[in-house]
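So you can see what is in the structure, the chains are spelled out below.
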Amino acid sequence: MFVIIGYVVIMVGVFGGYAMAGGHLAALFQPLELVMIGGGAFGAFIAGNNAKTIKATMGALPKLLKGSRFNKDLYMELMSLMFDVLSKVRKEGLMSIEGDIDSPEQSPVFSKYPSVLADHHIVEFITDYLRLMVSGNMDAFQIENLMDNEIDTHHHEGAAPAHAIARLGDGMPAFGIVAAVMGVVHTMENVGLPPAELGILIAHALVGTFLGILLAYGFVAPLASLHEQKLEEETKMYQCVKVILLASLNGYAPALAVEFGRKVLYSTERPSFSELEDHIKKSKSK
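Residues numbered from 1 in each chain as written. Predicted model: local features only at pLDDT ≥ 70, side-chain atom pairs only at ≥ 80, totals over all residues. Heavy atoms only, no water.

Student: What exactly am I supposed to notice about the overall build of the chain here?
Tutor: For the chain, the count of helices and strands is eleven helices and zero strands. The secondary structure elements of the chain, listed N-terminal to C-terminal, are α-α-α-α-α-α-α-α-α-α-α. The C-alpha radius of gyration computed for the chain amounts to 27 Å, which surpasses the reference 19 Å derived for 286 residues by more than 25%, pointing to a less compact arrangement than a globule. Taking the principal axes of the C-alpha coordinates as reference, the chain spans close to 90 × 35 × 30 Å. Residues counted as buried form 38% of the 286 residues belonging to the chain. Of the charged side chains in the chain, 22 are positive and 30 negative; the average position of the first set lies 8 Å away from that of the second. (Helix = DSSP H or I, 4+ residues; strand = E, 2+ residues; numbered from the N terminus. Rg over C-alpha atoms; globule rule 2.2 N^0.38 Å. Buried < 20%, exposed > 50% of the residue type's maximum accessible area, 1.4 Å probe, protein only. Lys, Arg positive; Asp, Glu negative; His and termini not counted. Charge placed at Lys NZ, Arg CZ, Asp CG, Glu CD.)

Student: Can you help me understand the packing of helix α4 (residues 72-92) against helix α10 (residues 254-263) in this one?
Tutor: Angle between the axes and distance between the axes: these two values describe a pair of packed helices. Packing of α4 against α10 brings their axes to within 9 Å, and their N-to-C directions diverge by 150°. By the angle class used here, α4 and α10 are roughly antiparallel. Crossing of α4 against α10: the hand is right-handed. Contacts from Met79, Phe83, Leu86, Ser87 and Arg90 of α4 reach α10 at Pro254, Ala255, Ala257, Val258, Gly261 and Arg262. Here the contact of α4 with α10 is composed, by residue class, of seven nonpolar, two polar and two charged. (Axes fitted to C-alpha atoms, helices over the stretch in contact; angles between N-to-C directions. Parallel < 35°, antiparallel > 145°, perpendicular 65-115°, else oblique. Left-handed = near helix turned anticlockwise from the far one by under 90°. Contact = heavy atoms within 4.5 Å. Nonpolar A, V, L, I, M, F, W, Y, C, P; charged D, E, K, R; others polar.)

Student: Can you walk me through the UniProt feature "domain: Motility protein A N-terminal" (unreviewed entry) in the chain in this structure?
Tutor: In the numbering adopted here, UniProt assigns the feature "domain: Motility protein A N-terminal" (unreviewed entry) to residues 4-93. Each end of residues 4-93 is marked by a C-alpha atom, and these two atoms are 51 Å apart; helix forms 78% of the span and strand 0%. (UniProt positions renumbered as here; feature names shortened; annotations may be inferred.)

Student: How should I be thinking about a nonpolar patch on the surface in this particular structure?
Tutor: A surface patch of nonpolar side chains, about 480 Å² in accessible area, is lined by Leu32, Val35, Met36, Val178 and Met182. Counting only elements with at least two residues in the nonpolar patch, the list comes to α2 (31-48) and α8 (140-189). A total of three residues in the nonpolar patch trace back to one element, the largest contributor, which is α2. Structurally, the position occupied by Met182 is in helix α8. (Patch = residues over 30% accessible without salt bridge, like charges linked within 9 Å, V, L, I, M, F, W, Y side chains within 5 Å. Areas by Shrake-Rupley, 256 points an atom, 1.4 Å probe, with all protein chains shown as cover. Salt bridge = Lys/Arg side-chain N within 4 Å of Asp/Glu carboxyl O.)

Student: How should I be thinking about the UniProt feature "transmembrane region" (unreviewed entry) in the chain in this particular structure?
Tutor: The UniProt feature table records "transmembrane region" (unreviewed entry) at residues 7-28, 34-51, 171-188 and 200-220. Along residues 171-188 one finds 100% helix and 0% strand; the C-alpha atoms at either end are 26 Å apart. Counted over residues 200-220, helix gives 100% and strand 0%. Its end C-alpha atoms are 29 Å apart.

Student: Where do I start with helix α11 (residues 273-284) in this structure?
Tutor: Along an α-helix, a turn takes 3.6 residues, which lines up residues three or four apart on a common side. Under the 1.5 Å per step criterion, the end-to-end length of α11 is 17 Å for twelve residues, consistent within 8% with the ideal 16 Å. Here the buried face of α11 lies against α4 and α10. (Expected span 1.5 Å × (residues − 1).)

Student: How should the packing of aromatic side chains be read in this particular structure?
Tutor: Describing an aromatic ring pair means giving the distance of the ring centres and the angle of the ring planes. Scanning the entire structure with this criterion turns up six aromatic pairs. Aromatic side chains Tyr252 and Phe260 sit 4.9 Å apart centroid to centroid with 45° between the ring planes, which places their arrangement in the tilted category. Judged by relative accessible area, Phe260 falls into the partly exposed class, the value being 31%. Put simply, the rings of Phe125, Tyr129 and Tyr238 touch in pairs and so form one group of aromatic residues. Lying across the ring of Tyr266, Lys236 places its NZ or CZ 4.8 Å from the centre. (Phe/Tyr/Trp six-rings, centres within 6.5 Å; stacked < 30°, edge-to-face > 60°. Lys NZ or Arg CZ within 6 Å of the ring centre and 35° of its normal.)

Student: What am I meant to see in the nonpolar core here?
Tutor: Within soluble globular proteins, side chains that are nonpolar generally end up buried alongside one another. The biggest cluster of nonpolar side chains holds 42 residues, and the ones touching the most others in it are Ile122, Ile126 and Leu245. Contributing elements (two or more residues each) for this core: α4, α7 (120-135), α8, α9 (195-249), α10 and α11. Tallying contributions element by element places α4 first for this core, with eleven residues. The residues touching Ile122, leaving out its near neighbours within four places in the chain, are Val116, Met237, Tyr238 and Val241. Core analysis: the next-biggest nonpolar cluster, separate from the first, contains ten residues, Ala41, Met172, Leu223 and Leu226 among them. (Core = buried A, V, L, I, M, F, W, Y, C linked by side-chain atoms within 4.5 Å.)

Student: Sorry, what's going on with the packing of α8 against α9 here?
Tutor: Viewed as axis vectors pointing N to C, α8 and α9 meet at an angle of 175°, and their least axial separation amounts to 7 Å. Judged on the interaxial angle alone, α9 and α8 are roughly antiparallel. Looking at the contact of α8 with α9 residue by residue, the class counts come to 32 nonpolar, 14 polar and six charged.

See the structure below:
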């Protein structure tokens, strides 16, 4: 929603200001300039990225138009799930959660938290490290190092679409110049025309530079920035799980381990101690 609002504000500000200054909006409507800029930029995007990055970028674009799903309710579900799992381990031993981590979809513990269960990436992250804990062959330092490496890999992989979109935006002003130069060449081909007609041709050529810059910094670059922000939010979820599991491995009780995880969340989504405590109590009664 904010993406659409931002785009509307950009168009009203730019085109509205131009019209208020006495400009004719019809002069800015140059479809062929858009074809040259868009076609050139999209071709460069295809040539400069592998199939994996192209597919990831195309898949990421629709998600940028949606609001963030990483809110306080989701984090409270995540921490309540971690509390339930660690409480079961504390009461019944590590072997008691083997069935839960092998088939989380059928697990009575995981099924209480559908929002978390719907994210198969975070579920896989949780179950993988619980499985390592069950094996008992790794200490906390080894698991922490492995977690850091996996989170780093996830972050770099997730950042590929943002980098691709940013490079696409960086190239658009240059393709706008290309379109403008081609317009000037076309004008010079018709140098024998009356001055009034030459002026129109030059104006059409300059629109290419204008559109390239506007599309780059007004429409494409914000998408790259937004994707980076969403990636940071997603990474924070993994960091929360990491801190909770490491606290448990170091001997802290489930309630205290979950408190460690609460502390790493951003202040805008972090529930208060009492909010999380109340949510965990309600989850127990389910």
